[in-house]
Amino acid sequence: QVQLVESGGGLVQPGGSLRLSCAPSGNIFNINTMGWYRQVPGKQRELVAAITRDGSTNYADSVKGRFAISRDNAKNTVYLQMNSLKPEDTAVYYCNADIGSYGLGYHNYWGQGTQVTVSS
């Protein structure tokens, strides 16, 4: 079994910063693309940022220049540094990863989600 454990969400004022972390654990021999998505009630889940194993990144236009995704392959951990936060960034943020497991091949996994609220 594989689990993705997220941390770092919370309440922050507009203009503030937060750093999210996601650490997969369990039966893992390799992790390809890792990413962060977000969802607000009544809307579809949307990609925020993604990073490949070799470090290539992709961002939603709405967060370019404000958010930065990074990963530590030795720790199987992905981070999302969020700066200059706006009220419209308020959402539940989900970690996502393509993970190879011994005997199971590659599957796509989601974390449980962490709430980010930007409000004064």
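Peer 1: Lay out the nonpolar core in plain terms, naming residues and giving numbers.
Peer 2: Core analysis: the largest hydrophobic core is formed by 29 residues, its most contacted members being Trp 36, Leu 80, Met 82 and Tyr 93. Where this core is concerned, the elements lending two or more residues are strand S1 (2-7), strand S3 (18-26), strand S4 (30-39), strand S5 (46-51), strand S7 (67-72), strand S8 (77-82), strand S9 (91-101) and strand S11 (114-118). A total of 5 residues in this core trace back to one element, the largest contributor, which is S9. Beyond its immediate chain neighbours, meaning those up to four positions away, Leu 80 contacts Leu 18, Arg 19, Leu 20, Trp 36, Val 48, Ala 49, Phe 67, Ala 68, Ile 69 and Tyr 93.

Peer 1: Help me get a handle on the packing of aromatic side chains, residues and values and all.
Peer 2: Evaluated as defined, the whole model comprises 4 aromatic pairs. Between the aromatic rings of Phe 29 and Tyr 106, the centroid separation amounts to 5.7 Å while the plane-to-plane angle is 75°, which identifies the pairing as edge-to-face. Remark: Tyr 106 occurs in strand S10 (residues 105-110) and Phe 29 occurs in the loop between S3 and S4; sequence separation between them is 77 residues. Ring centres 6.4 Å apart and planes at 90° place the aromatic pair Tyr 94 and Trp 110 in the edge-to-face group. You can see Tyr 94 sitting in strand S9 and its partner Trp 110 sitting in strand S10, a full 16 residues away along the chain. The buried category is assigned to Tyr 94, whose relative accessible area is 15%. Take Trp 110: its relative accessible area is 38%, and that puts it in the partly exposed class. Put simply, the rings of Phe 29, Tyr 102 and Tyr 106 pair up and form one aromatic cluster. In this structure, Arg 19 packs its charged tip against the face of Tyr 79, placed 4.1 Å from the ring centre. Between Arg 45 and the ring centre of Tyr 94, over which it is positioned, the NZ or CZ distance is 3.6 Å.

What counts as what
- Starting afresh in each chain, residues are numbered from 1 along the sequence in its written order.
- The predicted origin of the model limits local features to residues at a pLDDT of at least 70 and limits the giving and counting of side-chain atom pairs to 80 or more, whereas totals for whole chains, interfaces and linings rest on all residues.
- Values reported for side chains reflect all heavy atoms of the structure, with hydrogen atoms and water molecules removed beforehand.
- Each nonpolar core is a collection of buried residues, namely Ala, Val, Leu, Ile, Met, Phe, Trp, Tyr and Cys, held together in the definition by side-chain atoms within 4.5 Å.
- We call a residue buried when its accessible area falls under 20% of the maximum for its residue type, exposed when it is over 50%, and partly exposed in between, using a 1.4 Å probe and counting protein chains only.
- A helix here means a DSSP run of H or I that spans at least four residues, while a strand means a run of E at least two residues long, and both kinds are numbered starting from the N terminus.
- Contacts are assigned to residue pairs that have any heavy atoms within 4.5 Å of one another.
- Here a pair means two rings of Phe, Tyr or Trp (six-membered ring of Trp) with centres within 6.5 Å. Their orientation is stacked below 30 degrees between planes, edge-to-face above 60, and tilted elsewhere.
- Think of it as a cone above the ring: NZ of Lys or CZ of Arg counts as a charge over the ring if it is within 6 Å of the ring centre and within 35 degrees of the ring normal.

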